[in-house]
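# Coordinates in review
Single-letter residue listing:
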Amino acid sequence: MEKTAYLILIIVAIIWIIAWVVGMFENVWLGIIGLVTIIGLGLLFVKALTDRLASKKDDKYSRDVKE
């Protein structure tokens, strides 16, 4: 269930980003600034995601701590 929710959120985020990029290029200069911003945020997201997936300590904490 959780993986399905993440998959849906990722698909919606990708569609939203594509719509955002297409809309940005109505004004070329703002579009270039926005595109660089999206690339920077995307790189930070990928770094955070890879750090989380590689962290065994976070996995242990998530598994052992009760909500």
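Throughout what follows, the structure given in this document is the object of discussion. (Residues numbered from 1 in each chain as written. Predicted model: local features only at pLDDT ≥ 70, side-chain atom pairs only at ≥ 80, totals over all residues. Heavy atoms only, no water.)

As a further point, take the overall build of the protein. Helices and strands together make up the secondary structure of the protein, namely 3 helices and 0 strands. Secondary structure elements in the protein, listed N-terminal to C-terminal, are α-α-α. Counting over 67 residues, the protein shows a buried share of 7%. Carbon and sulfur atoms make up 74% of the accessible area of the protein, which amounts to about 6300 Å² in all. (Helix = DSSP H or I, 4+ residues; strand = E, 2+ residues; numbered from the N terminus. Buried < 20%, exposed > 50% of the residue type's maximum accessible area, 1.4 Å probe, protein only. Areas by Shrake-Rupley, 256 points an atom, 1.4 Å probe, with all protein chains shown as cover.)

A separate point is a nonpolar patch on the surface. A cluster of nonpolar side chains, contributed by Tyr 6, Leu 9, Ile 10, Ile 14, Ile 18 and Val 22, occupies part of the molecular surface with about 630 Å² of accessible area. Secondary-structure assignment places Val 22 in helix α1 (residues 2-24). (Patch = residues over 30% accessible without salt bridge, like charges linked within 9 Å, V, L, I, M, F, W, Y side chains within 5 Å. Salt bridge = Lys/Arg side-chain N within 4 Å of Asp/Glu carboxyl O.)

So, on to the environment of Ile 17. Looking at where Ile 17 falls in the secondary structure, it is placed in helix α1. Overall, Ile 17 belongs to the partly exposed group, its relative accessible area being 34%. Between the alpha carbons of Ile 17 and Ile 38 there is a distance of 8.3 Å; along the sequence they are 21 residues apart.

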